Amino acid sequence: MFSNALKSFQSNISGNYTLSAQPTSYSGPWKIYDAKKKSTGKAASVFVFEKKSLEPSGGASLGGRSGASQLKRAHEEVVERLKKEASSLARLRHPSVLELAEPVEETRGGGLMFATEPVTASLAGLLQEKDEQEKAGGVGGRRSRYVIEECDGQKRRRELEIDELEIQKGLLQISKGLEFLHESAGLVHANLTPEAIFINAKSDWKISGLGFSTPPENSTKPTSVTPISLSEVLNYDARLPRYVQLNIDYSSPDFVMDGNVTPAADMFSLGLLIIALYNSPRRSPLEFNGSTSSYKRAFSSSSSVPHKNNNFMSSQPLPRDVINGVLDRLITRRPAQRLDAKEFQQAQYFDNILVSTIRFLDSLPAKTPNEKSQFMRGLPRILNQFPKSVLEKKILPALLEEMKDRELLTLILQNVFKIITVLPLGKRAFTEKVIPKLRATFLSGAAATAPNTKGVAQERDSLKEAGLMVLLENIQVAADNTGGKEFKDDILPVINYALESPTHSLVDAALRTLPVVLPILDFSTTKNELFPVIATIFAKTSSMGIKIRGLEALKTLCGGGGNDDQNEYPGDGLTGMVEAPKAKSSSVSILDKYTIQEKVVPLLRGIKTKEPAVMMAAHDVFKAIAPQVDSDFLAMDVLPILWQFSLGPLLNLPQFQAYMTLIKSTSARVEQEQTRKLQELGANSTTATSRNEFMSFGGPPASNGYDSTNGGDDTNFEALVRGGNQGTTGGSDMLGGDPWANASASVSASSSTTLPSRPANRANNVSPAPATFSWSTPPVSPPPPTTLSAPQGNSRAITPDNTFSSLNSSFPAMNPTNPGIGSPTFSQQQSRSAMGMNSMMSQPTTTPSYTAPSSGIDWSKANTSSTSVWGNTSTNNAMSSGLSNFSAITPSQPQPQRQNDTASPYSAFSIAPPPSKPATSGTFSIAPPPSLSASNRSVSATGGLSMNSMGGMKSGTMNSMAALRAQTQSQQGQRQQNQTQTNWGIGGDSLI
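Each value, and the rule that gives it
- Residues numbered from 1 in each chain as written.
- Predicted model: local features only at pLDDT ≥ 70, side-chain atom pairs only at ≥ 80, totals over all residues.
- Heavy atoms only, no water.
- Helix = DSSP H or I, 4+ residues; strand = E, 2+ residues; numbered from the N terminus.
- Buried < 20%, exposed > 50% of the residue type's maximum accessible area, 1.4 Å probe, protein only.
- Contact = heavy atoms within 4.5 Å.
- Areas by Shrake-Rupley, 256 points an atom, 1.4 Å probe, with all protein chains shown as cover.
- pLDDT = per-residue confidence, 0-100.
- Pairing = 2+ DSSP bridges.
- Axes fitted to C-alpha atoms, helices over the stretch in contact; angles between N-to-C directions.
- Polar contact = N/O pair within 3.5 Å; in protein donor to acceptor, adjacent residues only side chain to side chain.
- Phe/Tyr/Trp six-rings, centres within 6.5 Å; stacked < 30°, edge-to-face > 60°.
- Lys NZ or Arg CZ within 6 Å of the ring centre and 35° of its normal.
- Expected span 1.5 Å × (residues − 1).
- Left-handed = near helix turned anticlockwise from the far one by under 90°.
- Nonpolar A, V, L, I, M, F, W, Y, C, P; charged D, E, K, R; others polar.
- Core = buried A, V, L, I, M, F, W, Y, C linked by side-chain atoms within 4.5 Å.
- Salt bridge = Lys/Arg side-chain N within 4 Å of Asp/Glu carboxyl O.

All right, on to the overall build of the chain then. Along the backbone of the chain there are 34 helices and eleven strands. When each of the 992 residues of the chain is scored for burial, the buried share is 48%. Considering only residue pairs separated by 6 or more positions, the chain has 71% of its internal contacts joining residues 24 or more positions apart. Entry remark: accessible area of the chain is about 47700 Å², with carbon and sulfur atoms responsible for 51%.

Turning next to the confidence of the model for the chain. Should the pLDDT be low somewhere, the predicted coordinates at that spot are not to be read in detail. Here the chain averages 73 in pLDDT, and 61% of its residues register 70 or above. For residues 563-589, every residue scores under 50 in pLDDT, and the model assigns this stretch 23 contacts once sequence neighbours within four places are set aside.

Spatial strand order, β7-β10-β11: three strands in an open sheet with antiparallel pairing. The outermost strands of the open sheet, each flanked by one partner alone, are β7 (119-122) and β11 (205-207). Mean inter-strand twist for the sheet, computed between neighbouring axes without regard to direction, equals 35°. Both strand β10 (residues 197-200) and β11 contribute to a ladder of three bridges, which runs antiparallel. Of the residues in β11, the one forming a bridge with Phe 198 is Lys 206. Against the sheet, helix α5 (residues 164-185) touches β10 and β11, its axis set at about 25° to β11.

Turning next to the side chain of Gln 245. Structurally, Gln 245 is set in the loop between α6 (230-233) and α7 (253-258). From its side chain, Gln 245 meets the backbone oxygen of Pro 241 in a polar contact 3.5 Å long. Beyond its immediate stretch of four places on either side in the chain, Gln 245 contacts Asn 191, Phe 212, Asn 235, Tyr 236, Asp 237 and Leu 240.

All right, on to the packing of aromatic side chains then. One pass over the full model with this rule turns up 13 aromatic pairs. When the ring of Phe 47 is compared with that of Phe 114, the centres are 4.9 Å apart and the planes differ by 5°; the resulting orientation is stacked. Taken together, the residues Phe 47 in strand β4 (residues 43-49) and Phe 114 in strand β6 (residues 112-116) connect sequence positions 67 residues apart. As far as the burial class goes, Phe 47 and Phe 114 line up, both buried. On the basis of an interplanar angle of 25° and a centroid distance of 4.7 Å, the ring pair of Tyr 295 and Phe 299 is categorised as stacked. Summarising the burial analysis for this pair, Tyr 295 and Phe 299 share the class buried. What links up through ring pairs into an aromatic cluster is the set Trp 30, Phe 47, Phe 49, Phe 114 and Phe 198. When the ring centre of Phe 538 is taken as reference, the NZ or CZ atom of Lys 547 above it lies at 4.4 Å.

Between its terminal C-alpha atoms α5 stretches 30 Å, which fits the 32 Å expected from 22 residues at 1.5 Å a residue. Here α5 lies mainly inside the structure; 18 of its 22 residues are buried. Gly 186 sits one or two residues past α5 and shows a positive phi near 70°.

Across the five residues that make up β6, a large majority, five, are buried. The alternating pattern of β6 places Leu 112, Phe 114 and Thr 116 and Met 113 and Ala 115 on opposite faces, both of which are buried. Direction of pairing for β4 relative to β6: antiparallel, over a ladder of five bridges. Among the inter-strand pairings, Phe 49 is bridged to a residue of β6, identified as Leu 112. Bridging between strand β5 (residues 100-106) and β6 involves four bridges; their strand directions are antiparallel.

The subject of this paragraph is the packing of helix α12 (residues 353-362) against helix α14 (residues 388-401). Where α12 contacts α14, the axes come no closer than 10 Å and their chain directions differ by 35°. Crossing of α12 against α14: the hand is left-handed. Two secondary-structure elements touch here, α12 through Ile 358, Leu 361 and Asp 362 and α14 through Val 390, Lys 394, Ile 395, Ala 398 and Leu 399. Among the residues making up the contact of α12 with α14, the classes are represented as six nonpolar, no polar and two charged.

This paragraph deals with the nonpolar core. Counting residues in hydrophobic clusters, the biggest one holds 193 residues, and the most contacted among them are Leu 123, Leu 171, Ile 274, Leu 277, Ile 395 and Leu 551. Tallying contributions element by element places helix α8 (residues 263-278) first for this core, with eleven residues. Setting aside chain neighbours within four positions, we find Leu 171 in contact with Trp 205, Leu 270, Leu 273, Ile 274, Leu 277, Phe 344, Tyr 349 and Phe 350. Listed in part, the ten residues of the second largest apolar core include Tyr 33, Ala 35, Met 113 and Ala 115.

Looking now at the environment of Ser 25. Its place among the elements puts Ser 25 in strand β2 (residues 25-27). Under the relative-accessibility criterion, Ser 25 is labelled buried at 1%.

Remark: helix α16 (residues 426-442) packs on helix α20 (residues 484-499), axes separated minimally by 11 Å, with the N-to-C direction vectors making an angle of 35°. As for the relative orientation of α16 and α20, their crossing is left-handed in sense. Here Phe 430, Thr 431, Ile 435, Leu 438, Arg 439 and Phe 442 of α16 lie close against α20, whose contacting residues are Glu 486, Asp 489, Asp 490, Ile 491, Pro 493, Val 494 and Tyr 497.

For the bond from Ser 280 to Pro 281, the omega torsion is -5°, close enough to zero to count as cis. Position of Pro 281 relative to the elements: it lies in the loop between α8 and α9 (292-298). Here the phi dihedral of Ala 190 falls at roughly 75°; this positive angle occurs in a residue that is not glycine. Position of Ala 190 relative to the elements: it lies in the loop between α5 and β10.

Looking now at the pattern of salt bridges. Pairs can form between side chains of opposite charge whenever their charged atoms are close. The tally for this structure, following the rule as stated, stands at 27 salt bridges. The residue Arg 282 makes a salt bridge to Glu 134 at a minimum N-O spacing of 3.0 Å. Of this pair, Arg 282 sits in the loop between α8 and α9 while Glu 134 sits in helix α4 (residues 123-135), and the two are 148 residues apart along the sequence. You can call Glu 134 partly exposed: its relative accessible area is 43%. The shortest N-O distance in the salt bridge between Glu 673 and Arg 669 comes to 2.8 Å. Of this pair, Glu 673 and Arg 669 both sit in helix α29 (residues 653-682), separated by four residues, roughly a single helical turn.

Here the focus is the pairing of strand β3 (residues 30-37). In the sheet, strand β1 (residues 17-19) pairs with β3 via three bridges, with the strands oriented antiparallel. Residue pairing across strands places Leu 19 opposite Ala 35, the latter belonging to β3. Direction of pairing for β2 relative to β3: antiparallel, over a ladder of three bridges. Counted as the bridge partner of Ser 27 is Trp 30 from β3. In this structure, the hairpin formed by β2 and β3 is closed by a connection of two residues, where Gly 28 is found at a positive phi of approximately 60°.

Looking at where Ser 631 falls in the secondary structure, it is placed in helix α28 (residues 631-646). Relative accessible area serves as the criterion here: at 7%, Ser 631 is assigned to the buried category. Of the polar contacts made by the side chain of Ser 631, one reaches the side chain of Glu 673; its length is 3.0 Å. Once you skip the residues sitting within four places of it in the chain, Ser 631 turns out to touch Arg 669, Val 670 and Glu 673.

In structure tokens form, the structure reads like this:
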């Protein structure tokens, strides 16, 4: 571990920087570690030299005391040379010179340490990596051995490319650095090798390894650099590692053979370096192992020296532009024939559009605004021609640095997103490089001005909003190259910033990003952060276009799909198997049912405009809502809104039909679910309550028109009509027999009344059903006029209905043609008839015979087992007086006891008597019949006895019955008043 190595030395760098556990690369005596500054988190590279690396391997003998002292002195010279290398970087500041971040420090163990800008590898290490890949079977045969640690702790390998453009770009940068050293700094590098060149994180080539740098001969420029002694540096010391000595494999013959230190020597070294870039293996064509004698011997013959005829001793073909105009002007014996650094940059080798673009990009800050604008507009046309490494490490960072220029923001972002789409590792580049710039550009200014503009319309930067439009148009690129957390934390705030813009086109673009945004965001973020902003915009906007776009956004939030599924209502997307191409939409986090019912539907209900475009957009939202909510909510809340919208005055026929289709499908779902629910509950539910059960109002029930309670019960009635107390016996007529059992079943052909059969269940206080019979009477004269309102017909047949108990107010009241037993008239007559019968029963009589041609009462069919009181003809007048009070004698059919012992007030021959109160007193009340005067109590010729038929009664009998009649009438009147109050005084409004 590197922590163990740090125990041998302590420095300020190790205290202020966090270093990686293992070196990421090597360069000569230096181990290079990736590091981050603890205070700022800024990336850096730390170069570490350990003095023990100078000791001979395997513990070789130092050659005695003198040899040990010489070696110690040599070590000290190496340390001083390495210090010079780091200190030279501190004095030299140039884009092509490695930038120093922390000055060199000595460690406790005698080592050295300094920090620079982040570097990926040295050129020597990169060339060695490519050689190893080729030996392993090509580029894909072996992975890069350069491993770096990500911010999240994960490690990845750095893939380095060295293609033609990389070489051209790098050589151009190195030549610029040499120009700076030769002309500005007045120095000669003297050891320009692949070990002295580093490639930084932006893929720029940087010059370092200035340990042998020296002022040229006869230089007049002041410098603090101590000149080197060629004789000393060219003397190879086998006791020291080769990488701390001058590498004569890249040295110029000016040094070795002439002993001259000139800038042209660096250009010769640059030529050998170019050959090494194309050679295989990638190293110098000259190999002397530090022997100057071998070097001189090789240059004594032209065959052993690189030149044009031997392809500059390269094992691989060289580009034509490299051979002509570059190498033939660098690999020369005479320094005067060589190109200088400035001329080298103008060579035909660099005359192509890609290199020219990079050169222009390097000088972009110095260009005019018009030149910058033209460059940004033309850059997208050639981006595809650049190597991916150049795009990621060179062009993309350069463009991002220019984002501070608001005039170029739109053009820069267009190029940035195009580069991200081209890069194979665009996600890493977008996350690490682009997102921080986007936040700094769009959110930092907004966050700073927001507190100062509360309650005031914030002034928006039009140039910034133009750039924001480019971001929204490329939101798919951003989504594809970010994770969920990065998108939520960094991209969503930018979208919300766009939604709050007063520019309608920007809001529209932000709303159109929802189909891309929703699959990435989680449900909580969608509901709590995104939906409130959209709802506010929809409710407050004055733009019809934003209204429609807001409805489309609500449709997306509610799970609505595209237009291709408009006619597939049952496909609610819950199965996820039918439509495979829409698999991505199935992962969209839509709003929950509560939010849809409580927030979205009220928004739709509040739409005031009736424009067809808005109405149809709302139609699509309702179509998306329908599968998401309960059927009850659809019936109670959604369908009324659909009907209201469907009747809009501006809709055409197809639009109306679309609404009707939705209404029908929604109604069908409500019907199906309600039917299924009732079917599931049907097995355990009781019989449904019918309407007739609620139509019994506690009023006077009647089935045959008789009032069984006017005279009390059946016993009282029989006692009353028979003139004596019979106890509880019943069922006999006035003659002592049972008229119901012996009555004839035949009915008069001309006039008859069919009575309802009596229920057989006497336990329910109901009399047995009577048989059908007819009463015959002698011919009578027409009755005197009465006050009854019913028509007087010659004959009348009525078939009572047993459902009279369910009569309601829809039947009009009818006046009786013949007062029944339940009428007040009969109540008074009943008392008088009882008195008359009691006075006549003691006299023996014969049964009279009555004959009538058409109608009347037939007494011949009655049971006459005992002596009849009707046999004496002389008593006809008296009997006429007593029987004249009976309008018609028909047996009463008792009804079950009801509340308050009330019974039906109807007569046997009428439906409903007229009310005694105004019609408004009760909806379902049945009025009693009006009272008749004594003079109008005649019976109809078709229905009973005539008063004149009994006119022969003696006056004595009439007088004896007068007193009893008056008493009975007074009692009966009081009873009638009480009965009226009981039966008819309960009218009122219904509670239903």
